[in-house]
Amino acid sequence: LSVVFDGKRDDYFPELIKWATQNGASTEGFEIANFEEEGFGLKATREIKAEELFLWVPRKLLMTVESAKNSVLGSLYSQDRILQAMGNITLAFHLLCERANPNSFWLPYIQTLPSEYDTPLYFEEDEVQYLQSAQAIHDVFSQYKNTARQYAYFYKVIQ
């Protein structure tokens with residue numbers, strides 16, 4: 001299911017904004033910007049007053065467990081109690097299936113997702129060593145263990 005898109009993710013930002021606008025999202029008053037340390041995000045292009053609603057995204061644009069249930073995953077979801085209990089896994093499968101579908105409704109969004117992550121789950125062994133003296137190392141190893149367990153279970157289910 002590995003799909004690679006041509007170009008950089010920011011090449012797809014104009015199409016994302018067009019798609020969002022055509023489907024009812026508010027796209028005025030901000031722009032997508034690359035913040036040096038944090039990466040891409042939204043930057044206000046006008047003053048935003050306290051408690052002002054400045055961003056609106058219709059539910060139909062969101063990839064949710066509900067949209068996963070109404071997708072190609074529907075039959076698997078309805079039969080697998082573990083999948084039903086793990087919304088994060090359901091969403092991950094939903095994203096993978098939609099990413100592999102060249103006609104996906106969510107393609108303009110999916111094409112803008114990062115191809116790399118810098119969370120501890122993606123650290124190389126030498127990077128994890130820096131966490132040895134921190135309490136966080138226990139959380140990282142727990143996450144590794146849970147991810148491996150989930151992978152093994154769902155690998156068998158999908159096979």
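Residues numbered from 1 in each chain as written. Predicted model: local features only at pLDDT ≥ 70, side-chain atom pairs only at ≥ 80, totals over all residues. Heavy atoms only, no water.

Let us now look at a nonpolar patch on the surface. A surface patch of nonpolar side chains, amounting to about 370 Å² of accessible area, comprises Leu42, Phe54, Leu55, Val57 and Leu62. With respect to the helices, strands and loops of the structure, Val57 is situated in the loop between strand E2 (39-44) and helix H2 (65-69). (Patch = residues over 30% accessible without salt bridge, like charges linked within 9 Å, V, L, I, M, F, W, Y side chains within 5 Å. Areas by Shrake-Rupley, 256 points an atom, 1.4 Å probe, with all protein chains shown as cover. Salt bridge = Lys/Arg side-chain N within 4 Å of Asp/Glu carboxyl O. Helix = DSSP H or I, 4+ residues; strand = E, 2+ residues; numbered from the N terminus.)

When the terminal C-alpha atoms of helix H8 (residues 136-158) are compared, their 32 Å separation across 23 residues agrees well with the 33 Å that a helix rising 1.5 Å per residue should span. When we look at burial in H8, the residues that qualify are Ile137, Val140 and Phe154. At its buried positions, H8 is contacted by helix H4 (81-85), helix H5 (87-99) and helix H7 (125-129). (Expected span 1.5 Å × (residues − 1). Buried < 20%, exposed > 50% of the residue type's maximum accessible area, 1.4 Å probe, protein only. Contact = heavy atoms within 4.5 Å.)

We now examine the packing of aromatic side chains. Applying the stated rule across the entire model yields nine aromatic pairs. Ring geometry for Phe93 against Phe154: centres 5.4 Å apart, planes inclined by 80°, an arrangement best described as edge-to-face. Taken together, the residues Phe93 in helix H5 and Phe154 in helix H8 connect sequence positions 61 residues apart. Among the residues examined, Phe154 registers a relative accessible area of 5% and is labelled buried. Note on Tyr153 and Phe154: the rings are 4.8 Å apart at their centroids and 85° apart in plane angle, and the pair reads as edge-to-face. (Phe/Tyr/Trp six-rings, centres within 6.5 Å; stacked < 30°, edge-to-face > 60°.)

On the surface, a cluster of negative charge is contributed by Glu124, Glu125, Asp126 and Glu127. The topology assignment puts Glu127 in helix H7. Judged by relative accessible area, which is 33%, Glu127 ranks as partly exposed. (Lys, Arg positive; Asp, Glu negative; His and termini not counted. Charge placed at Lys NZ, Arg CZ, Asp CG, Glu CD.)

This part covers the side chain of Thr90. Relative to the elements of secondary structure, Thr90 occurs in helix H5. Within the local environment of Thr90, its side chain forms a polar contact with the backbone oxygen of Leu83, the two atoms lying 3.0 Å apart. With residues near it in sequence (within four places) discarded, Thr90 still touches Val65, Ala68, Leu73, Tyr77 and Leu83. (Polar contact = N/O pair within 3.5 Å; in protein donor to acceptor, adjacent residues only side chain to side chain.)

All right, on to the layout of surface pockets then. Roughly 1300 Å³ of internal volume is contained in the largest pocket. Lining the largest pocket are 29 residues, with Ala92, Leu96, Leu121, Tyr122 and Thr147 sitting closest to its centre. For the lining of the largest pocket, the elements supplying multiple residues, two or more each, are H5 and H8. When residues of the lining of the largest pocket are assigned to their parent elements, the largest contribution, nine residues, is made by H8. Its residues placed into classes, the lining of the largest pocket shows 19 nonpolar, nine polar and one charged. Taken as a whole, the second largest pocket spans an internal volume of roughly 490 Å³. The wall of the second largest pocket is formed by 22 residues, among which Leu16, Ile32, Leu42, Val57 and Tyr109 lie closest to the centre. When contributions to the lining of the second largest pocket are tallied by element, the ones reaching two or more residues are helix H1 (13-22), strand E1 (30-35) and E2. Per-element tally for the lining of the second largest pocket: the top contributor is H1, with five residues. For the lining of the second largest pocket, the residue count by class is 17 nonpolar, four polar and one charged. (1 Å grid on protein atoms, 1.4 Å probe; cavity = no way out; pocket = protein on both sides within 12 Å on 5 of 7 lines; lining within 4 Å. Points joined across faces, edges and corners; volume = space filled by probe spheres on them. Nonpolar A, V, L, I, M, F, W, Y, C, P; charged D, E, K, R; others polar.)

Function cannot be read off these values alone, since they describe shape.
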